[in-house]
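What the coordinates show
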Amino acid sequence: MSEAPVAAGEADLHAHSSVSDGTETPAELMAQAAAAKLWGVALTDHDATSGWAEAAAAVPETGVTLIPGMELSTRDGFTSVHMLAYLIDPLDAGLLAETARIRESRMTRAEEIVRRIGRDYDVSWDDVLAQTAEGATIGRPHIADALVARGLVPTRSAAFAGILHPRAGYAQPHYAPDPLTGVRLIRAAGGVPVLAHPGTRGAERVIPPDRLARLAQAGLFGLEVDHPENREDAKPRLRELAAQFGLAVTGSSDYHGTGKPNRLGELRTSPDVVERIIAQGHGSTPVTP
């Protein structure tokens, strides 16, 4: 935990670098945060914290506060559920073991997807590796980039709407713990858990109250309500549930550089909520200018 309270400003609490499926290095991401006139940004690469050091080194030059984070993969049955984890201890044994297992499964899953696609399209695993930064957590976005490079689709978004869409028959799930385990892992690592983009499938698919109650009891801090991919019809219900269970509401862009149309800083989290996250997190500390 910080030795003194941090007077926070508005922050974008969900952004990716080339350590996972963003297209910019952690340092480039920090520069973009400065250009967007953000007080702070959370680096939340998928199941990885290896970009923190580079991002932290860019803080003095950019003047942007770094909130160390991660987007932890979890799964509820056949549904992928992501947990944003702020200010975790990157060396926590339980979290390290789980993320290593997730990344290994992601790799195996990606190889199998490419093998299946390769039966029908001219793309190989080497094509995917050519689109992946060294040490990055390989996932479907890298496969999408390989499809773009091969001229099979025009953009990453088009790949997800077509060849990589579940209806195309090539995709398959990877291992991830259940959401309740995810919340407990994050809290055990000193972190602050927020349920990422819970309204992407609309009001009828918002997490049921009984399930959300269990997550809140386990230590869930908030819901990422203001997100570009949450459907508008879901947001009122999400705000109701947040109020019902005493959860904070956050706002974030889910920035991926050129990997998504989302703009860094287009949605932000209020200073008071940022300060509450910083006050609760004790696995690591914000890096301030």
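What follows covers the pattern of salt bridges. This model, assessed by the stated rule, comprises 15 salt bridges. R211 is paired through a salt bridge with D76; the nearest N and O atoms lie 2.5 Å apart. Of this pair, R211 sits in helix α9 (residues 209-218) while D76 sits in strand β3 (residues 65-76), placing them 135 residues apart in sequence. A relative accessible area of 27% means that D76 is categorised as partly exposed. Among the salt bridges present, the one from D127 reaches R150, with a minimum N-O distance of 3.1 Å. Separated by 23 residues along the polypeptide, D127 in helix α5 (residues 125-129) and R150 in the loop between α6 (140-149) and α7 (156-161) bring together distant segments of the chain. Several salt bridges share partner residues, and in doing so they unite E112, R115 and R116 into one network.

Of note in this structure, H197 is not a glycine but carries a positive phi near 30 degrees. Secondary-structure assignment places H197 in the loop between β5 (192-195) and α9. Non-glycine residue D254 carries a positive phi angle of around 60 degrees. With respect to the secondary-structure elements, D254 resides in the loop between β7 (248-251) and α11 (271-280).

Relative orientation of the contacting elements helix α8 (residues 179-188) and α9 amounts to 15 degrees, with a least axis distance of 9 Å. It follows from the interaxial angle that α8 and α9 lie roughly parallel. When you trace α8 past α9, the crossing you get is right-handed. Contacts from P179, L180, V183, R184 and R187 of α8 reach α9 at R214, L215 and A218.

For the structure shown, the criterion picks out one aromatic pair. Residues Y121 and Y170 carry aromatic rings whose centres are separated by 6.3 Å and whose planes lie at 75 degrees to one another, so their mutual orientation is edge-to-face. On the criterion of sequence distance, the pair formed by Y121 in the loop between α4 (93-118) and α5 and Y170 in the loop between α7 and α8 is long-range, its members being 49 residues apart. What makes Y170 buried here is its relative accessible area of 11%. If you follow R101 out to its NZ or CZ, it ends over the ring of Y175, 3.7 Å from the centre.

About the thresholds
Residues numbered from 1 in each chain as written. Predicted model: local features only at pLDDT ≥ 70, side-chain atom pairs only at ≥ 80, totals over all residues. Heavy atoms only, no water. Salt bridge = Lys/Arg side-chain N within 4 Å of Asp/Glu carboxyl O. Helix = DSSP H or I, 4+ residues; strand = E, 2+ residues; numbered from the N terminus. Buried < 20%, exposed > 50% of the residue type's maximum accessible area, 1.4 Å probe, protein only. Axes fitted to C-alpha atoms, helices over the stretch in contact; angles between N-to-C directions. Parallel < 35°, antiparallel > 145°, perpendicular 65-115°, else oblique. Left-handed = near helix turned anticlockwise from the far one by under 90°. Contact = heavy atoms within 4.5 Å. Phe/Tyr/Trp six-rings, centres within 6.5 Å; stacked < 30°, edge-to-face > 60°. Lys NZ or Arg CZ within 6 Å of the ring centre and 35° of its normal.

In short, the description is geometric, and any link to function would need to be established separately.
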